[in-house]
Amino acid sequence: MKALVFHGPGRKAWEQVPDPVIIDNTDAIVRIDATTICGTDLHILKGDVPAVTDGRVLGHEGVGTVTQVGAGVRRVKVGDRVLVSCISSCGTCRYCREGHAGQCLGGGGWILGHKIDGTQAEQVRVPFADLSTYPIPDGVSDEQVLMLADIFPTAYEVGVLNGQVKPGDVVAIVGTGPIGLAAIAGAKLFNPATIVAIDIADSRLEAARSFGADVTINSSREDPLAIVRSLTEGLGADVAMEAVGIPSTFELCAALIRPGGHVANMGVHGVPATLHLEDLWIRNATITTGLVDAYSTETLLKLIGHGHLDVTPMVTHRFALDDIMNAYDVFSNAADTGALKVVLTA
Ligand SMILES: [Zn+2]
Ligand SMILES: [Zn+2]
């Protein structure tokens, strides 16, 4: 089969590799019908994720059709259309039993396109197939479901639920790339009073408005702190979600919340950020971090199936799977191309 193979920092190729085979009896082989590229894949290509070694097939998001199952697979059958989640779950370790498969101790967690070959390929081996794939309801498109492989559960669990968004809240979202936009859509499920989107790119703020942001702030020329305080009688936001992953945006989130407010960090940070405990200690602040566990995937599938959530406006570019090298160029030059999510279909 063909697959997108990592060959060390800055090097990748769409090339011939052996077909995946069943290794453990709980594995399934899935023929990929649609996949996408994540910001994390760009981090890998920069060399930021040393666990990914030369020869690894990238990709941790996919929708496909099951072509083989191991003898121990009970729920998933050949021919099933399934979502392949970025998080695999052994189902038996302490974290999986508590619903936190992102921290799986039994060989799951984020393994696809990281520790084992991933989904940017014609086929993929999915370990713990019964617990790591989701059947797709009839009438739901591959493209809609694909956004549930990573970004939507991430934004919903790590942003909206960890941030404890409630009806009537003022919610500030710093960074309106795909994760920030997904957080806006997720926050809207809880009827907040006002969603404030903050970014430095006008095109992304426009996207934020189309996803339901009430107020947009371009922090390269406006003062987000002053504007959020003016909207909240001087108090600050109930919830601030960080969706960039750099020190200044984290520190902005900590400054934006009211006493008793929540900062929910979603960004992937590579360098230390300052925690201003000298200001925060007296403010009853709650700060959460997290990797997605994907425990919300079934809920989000139901919301999509019933028309309460539409995540497809995030898809800005579409390619054939074997045009993935071009798709990487477009996705990695988002400032010029306006790319949010790119979808590759077989
Ligand atoms: Zn990802
Ligand atoms: Zn586990």
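Values in this document were obtained by computation on a predicted structure and should not be read as measured data.

### Here's the deal with the coordination of the zinc ion (ligand 2)
Logical step 1: Around the zinc ion (ligand 2), the donor atoms from the protein are Cys90 (SG), Cys93 (SG), Cys96 (SG) and Cys104 (SG), and they sit 2.3 to 2.4 Å away.
Logical step 2: Of note is the zinc ion (ligand 2), whose four donor atoms meet at the metal with angles of 102 to 116 degrees in an arrangement that counts as tetrahedral.
Logical step 3: Here the donor residues for the zinc ion (ligand 2) map to a single chain with the spacing C-x2-C-x2-C-x7-C. In terms of burial, Cys90 and Cys93 fall into one category: buried.

### A word on the pairing of strand 1 (residues 2-6)
Logical step 1: In terms of burial, strand 1 is a largely internal element, four of the five residues being buried.
Logical step 2: Here strand 1 runs beside strand 2 (residues 12-16); their pairing, made up of five bridges, is antiparallel. If you follow Lys2 over to strand 2, its bridge partner there is Gln16.
Logical step 3: The turn linking strand 1 back onto strand 2 is made up of five residues, and Gly8 within it adopts a positive phi angle of 95 degrees.

### Overview of the packing of helix 6 (residues 178-188) against helix 7 (residues 202-211)
Logical step 1: Their axes nearest at 9 Å, the elements helix 6 and helix 7 cross at an angle of 20 degrees. In this view, helix 6 runs roughly parallel relative to helix 7, as classed from their interaxial angle. Here helix 6 runs over helix 7; the crossing is right-handed. Of helix 7, the residues touching helix 6 (which contributes Pro178, Leu181, Ile184, Ala185 and Lys188) are Arg204, Ala207, Ala208 and Phe211.
Logical step 2: Here the contact of helix 6 with helix 7 is composed, by residue class, of seven nonpolar, no polar and two charged.

### Let's talk about the packing of helix 8 (residues 224-231) against helix 9 (residues 247-256)
Logical step 1: Interhelical geometry of helix 8 versus helix 9 gives an angle of 25 degrees and a closest axis separation of 10 Å. Judged on the interaxial angle alone, helix 9 and helix 8 are roughly parallel. Crossing of helix 8 over helix 9 shows right-handed handedness. Contact with helix 8, carried on its side by Pro224, Leu225, Val228 and Arg229, involves Leu252, Ala255 and Leu256 of helix 9 and no other residues of that element.
Logical step 2: Among the residues making up the contact of helix 8 with helix 9, the classes are represented as six nonpolar, no polar and one charged.

### Here we look at the pattern of salt bridges
Logical step 1: Taken as a whole and judged by the stated rule, the model has nine salt bridges.
Logical step 2: With a shortest N-O distance of 2.8 Å, Arg318 and Glu143 are connected by a salt bridge. Of the two residues, Arg318 sits in strand 14 (residues 315-320) while Glu143 sits in helix 4 (residues 142-146), which places them 175 residues apart along the sequence.
Logical step 3: Residue Asp238 is joined to Arg258 by a salt bridge in which the shortest nitrogen-to-oxygen separation is 2.5 Å. You can see Asp238 sitting in strand 11 (residues 237-242) and its partner Arg258 sitting in strand 12 (residues 257-265), a full 20 residues away along the chain.

### Some words on the packing of aromatic side chains
Logical step 1: Overall, the coordinates contain one aromatic pair when judged by the stated rule.
Logical step 2: Here Arg94 stacks its cationic end above the ring of Tyr95, 5.7 Å away from the centre of that ring.

### Considering unusual backbone geometry
Logical step 1: Phi at Gln164 takes a positive value of approximately 55 degrees, unusual for a residue other than glycine.
Logical step 2: Inspection of the secondary structure assignment puts Gln164 in the loop between helix 5 (151-161) and strand 8 (170-174).

### Some words on the nonpolar core
Logical step 1: Ranked by size, the top nonpolar core spans 78 residues in total, and within it Phe152, Ile184 and Met241 carry the most contacts.
Logical step 2: Discounting residues that sit within four places of it in the chain, Ile184 has contacts with Ile173, Thr176, Ile195, Ala197, Ala208, Phe211, Gly212 and Ala213.
Logical step 3: In terms of nonpolar packing, the next biggest core, distinct from the first, is built from 15 residues, Val174, Val196, Ala237 and Leu256 among them.

### Examining the layout of surface pockets
Logical step 1: Of the voids in this model, the second largest pocket is the one considered here, and its volume is about 260 Å³.
Logical step 2: Taken together, 16 residues make up the lining of the second largest pocket; nearest its centre are Met1, Pro18, Pro20, Asp117 and Arg125.

### Structural notes on the environment of Thr288
Logical step 1: The topology assignment puts Thr288 in strand 13 (residues 286-288).
Logical step 2: The class for Thr288 is buried, based on a relative accessible area of 19%.
Logical step 3: Taking the C-alpha atoms as reference points, Thr288 and Gly159, separated by 129 residues in sequence, lie 8.7 Å from one another.
Logical step 4: Setting aside chain neighbours within four positions, we find Thr288 in contact with Asn162, Val263, Ala264 and Asn265.

What counts, and where the lines are drawn
- Residues numbered from 1 in each chain as written.
- Chains lettered and ligands numbered in written order.
- Predicted model: local features only at pLDDT ≥ 70, side-chain atom pairs only at ≥ 80, totals over all residues.
- Heavy atoms only, no water.
- Donors = N, O, S within 2.8 Å, 3.2 Å for Na, K, Ca; no water.
- Tetrahedral: all angles 85-135°; square planar, octahedral: opposite > 155°, others 65-115°.
- Buried < 20%, exposed > 50% of the residue type's maximum accessible area, 1.4 Å probe, protein only.
- Helix = DSSP H or I, 4+ residues; strand = E, 2+ residues; numbered from the N terminus.
- Pairing = 2+ DSSP bridges.
- Axes fitted to C-alpha atoms, helices over the stretch in contact; angles between N-to-C directions.
- Parallel < 35°, antiparallel > 145°, perpendicular 65-115°, else oblique.
- Left-handed = near helix turned anticlockwise from the far one by under 90°.
- Contact = heavy atoms within 4.5 Å.
- Nonpolar A, V, L, I, M, F, W, Y, C, P; charged D, E, K, R; others polar.
- Salt bridge = Lys/Arg side-chain N within 4 Å of Asp/Glu carboxyl O.
- Phe/Tyr/Trp six-rings, centres within 6.5 Å; stacked < 30°, edge-to-face > 60°.
- Lys NZ or Arg CZ within 6 Å of the ring centre and 35° of its normal.
- Core = buried A, V, L, I, M, F, W, Y, C linked by side-chain atoms within 4.5 Å.
- 1 Å grid on protein atoms, 1.4 Å probe; cavity = no way out; pocket = protein on both sides within 12 Å on 5 of 7 lines; lining within 4 Å.
- Points joined across faces, edges and corners; volume = space filled by probe spheres on them.

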